[in-house]
Amino acid sequence: SVFNLFVVSVFWALMVDVFDSEQGKRLFGFLAAGATLGAIAGSTITVTLVRELGPTTLLFASIVLLEVAVLAVRRLSAISGKLAASPEAAQKAEAPLGGGVLAGISHTLRSPYLLNVCVFMLLFTVLSTFLYFQQATIARDYFTERAARTAFFAQVDLAVNVLTLSVQLFLTARLLKKLGVALVLGVLPLVSVIGFAALAMAPVIAVVVAFQVLRRAANFALARPARELLYTVIAREDKYKAKTFIDTVVYRAGDQVGSWSYLLLSTLGLGIAGVSVVAVPLAALWLAVALWLGRRQTQTAGAPPTSAKSLI
């Protein structure tokens, strides 16, 4: 779990370092589609081959795939200078980061922009945790057999992956170009406002399924690429240090705060509907933060792309 958390964070840190804001609008949706395809392929290969080959053989297959990923990153690093918008940017891309070990924390605390990214991440994880527990409770009450619950979650995951991949391949780049970062970043909080309001009025399995599918698809297909674009306009050192701090420490802190908060609300006697009522204003605040961040990102991104960006 620790490895997965860090490797994804470092991967996107490299992406926001190599590609600028305009390039990211075109490419980040397709890059995120690679993760979706990997999730689909990984689960399919495991289910299909684990009985014939055994788990040990599949572990060696995982090692090979990780090495392929390493080679891909080395290749991207080698050609990253050619993708830069200017010779000066290419030279900076090759320079050591410098700075202190705790720079990621100190820079985040001093920057209103990065602090709002922290708030965005905290609200995302807290509300995700709320919905996770609500889904588990409703599914437990609705399905009496464990096998039925497993099949239910598998069907939800399948629907999420199919919808996510479709949006990533055909809509994400178009929506980022036409609507801008602010509106695309605000889609997930808006879905959360509507979804939690619906759960407050009707805490039933059908509402949970619709909300979960739409929310997770909006996260992977729209919010994740738009969120990564926020980091394309900050200093290079912060792309690797502050971003990693936010993606790991702040992200996991939000998980814990969400778990404690849900337990507290449950102890106070609030059921699924009551927790949803509490979640609605939090989602509305999240939406306001998303719109502010998107506008600041667009303002900071500045000038239109130069001809060097036609390389991709």
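Keep in mind that what you see is a predicted model, and the values were worked out from it rather than measured.

A. Spotlight on the overall build of the chain. The number of helices and strands found in the chain is 13 helices and 0 strands. Reading the helices (α) and strands (β) of the chain from amino to carboxyl end gives α-α-α-α-α-α-α-α-α-α-α-α-α. Looking at the chain alone, contacts between residues at least 24 apart form 85% of all its contacts between residues at least 6 apart.

B. Representation of the nonpolar core in the model. Counting residues in hydrophobic clusters, the biggest one holds 65 residues, and the most contacted among them are F130, F196, L199, I246 and L293. Among the elements that take part in this core, helix 5 (residues 112-142) stands out by supplying 14 residues, more than any other. Excluding residues that lie within four positions of it along the chain, F196 makes contacts with L127, F130, L131, Q134, F211, S276, A279 and V280.

C. Layout of helix 9 (residues 187-201). Over its 15 residues, helix 9 runs 21 Å from end to end, which matches the ideal 21 Å to within 8%, given 1.5 Å per residue. Looking at helix 9, one finds that the buried residues are L188, P189, S192, V193, G195, F196 and L199. Contacts from the buried residues of helix 9 go to helix 5, helix 8 (181-185), helix 10 (205-229) and helix 13 (272-301).

D. The arrangement of the packing of aromatic side chains in detail. Tallied over the entire structure, the rule returns 12 aromatic pairs. Aromatic side chains Y132 and F133 sit 5.5 Å apart centroid to centroid with 70° between the ring planes, which places their arrangement in the edge-to-face category. Of the residues examined, F133 reaches a relative accessible area of 28% and is grouped as partly exposed. The ring centre of F124 lies 5.7 Å from the NZ or CZ of R227, which sits over that ring. Over the aromatic face of Y231 sits the side chain of K243, whose NZ or CZ is 5.0 Å from the ring centroid.

E. Seen up close, helix 6 (residues 146-170). Taking 1.5 Å per residue, 25 residues should reach 36 Å; helix 6 reaches 37 Å between its end C-alpha atoms and fits that length. When we look at burial in helix 6, the residues that qualify are F152, V156, V160, T164, L165, V167 and Q168. Considering only its buried residues, helix 6 is in contact with helix 2 (21-83), helix 5, helix 7 (172-179) and helix 10.

F. Representation of the confidence of the model for the chain. Residues of the chain with pLDDT of at least 70 account for 93%, and the chain-wide mean is 88. With pLDDT under 50 throughout, residues 303-312 is counted as low confidence; its partners more than four residues away or in other chains account for 16 contacts.

G. Region of the structure containing the pattern of salt bridges. This structure, assessed with the given rule, holds 10 salt bridges. One salt bridge connects D17 with R236, and the closest N-O pair in it is separated by 3.0 Å. Pair noted here: D17 is in helix 1 (residues 2-18) and R236 is in helix 11 (residues 236-240), with a separation of 219 residues, a long-range link. What makes D17 buried here is its relative accessible area of 17%. The exposure class of R236 is partly exposed, given its relative accessible area of 23%. Across the pair E22 and K25 runs a salt bridge whose closest N-O atoms are separated by 3.4 Å. In this pair, E22 and K25 are both assigned in helix 2, 3 residues apart and thus about one turn of the helix distant. Each member of the pair, E22 together with K25, is buried. Each of the salt bridges in this network shares a partner with another, and the network as a whole consists of R224, E228, K243 and D247.

H. Quick look at the packing of helix 4 (residues 103-110) against helix 5. Taken N-terminus to C-terminus, the directions of helix 4 and helix 5 make an angle of 100°; their axes are 5 Å apart at the nearest point. Relative to helix 5, the element helix 4 is oriented roughly perpendicular. Counted together, H107, T108, L109 and R110 of helix 4 and P112, L114, L115 and C118 of helix 5 form the full contact between these two elements. The residue inventory of the contact of helix 4 with helix 5, partitioned by class, reads 5 nonpolar, 2 polar and 1 charged.

Criteria and cut-off values
Residues numbered from 1 in each chain as written. Predicted model: local features only at pLDDT ≥ 70, side-chain atom pairs only at ≥ 80, totals over all residues. Heavy atoms only, no water. Helix = DSSP H or I, 4+ residues; strand = E, 2+ residues; numbered from the N terminus. Contact = heavy atoms within 4.5 Å. Core = buried A, V, L, I, M, F, W, Y, C linked by side-chain atoms within 4.5 Å. Buried < 20%, exposed > 50% of the residue type's maximum accessible area, 1.4 Å probe, protein only. Expected span 1.5 Å × (residues − 1). Phe/Tyr/Trp six-rings, centres within 6.5 Å; stacked < 30°, edge-to-face > 60°. Lys NZ or Arg CZ within 6 Å of the ring centre and 35° of its normal. pLDDT = per-residue confidence, 0-100. Salt bridge = Lys/Arg side-chain N within 4 Å of Asp/Glu carboxyl O. Axes fitted to C-alpha atoms, helices over the stretch in contact; angles between N-to-C directions. Parallel < 35°, antiparallel > 145°, perpendicular 65-115°, else oblique. Nonpolar A, V, L, I, M, F, W, Y, C, P; charged D, E, K, R; others polar.

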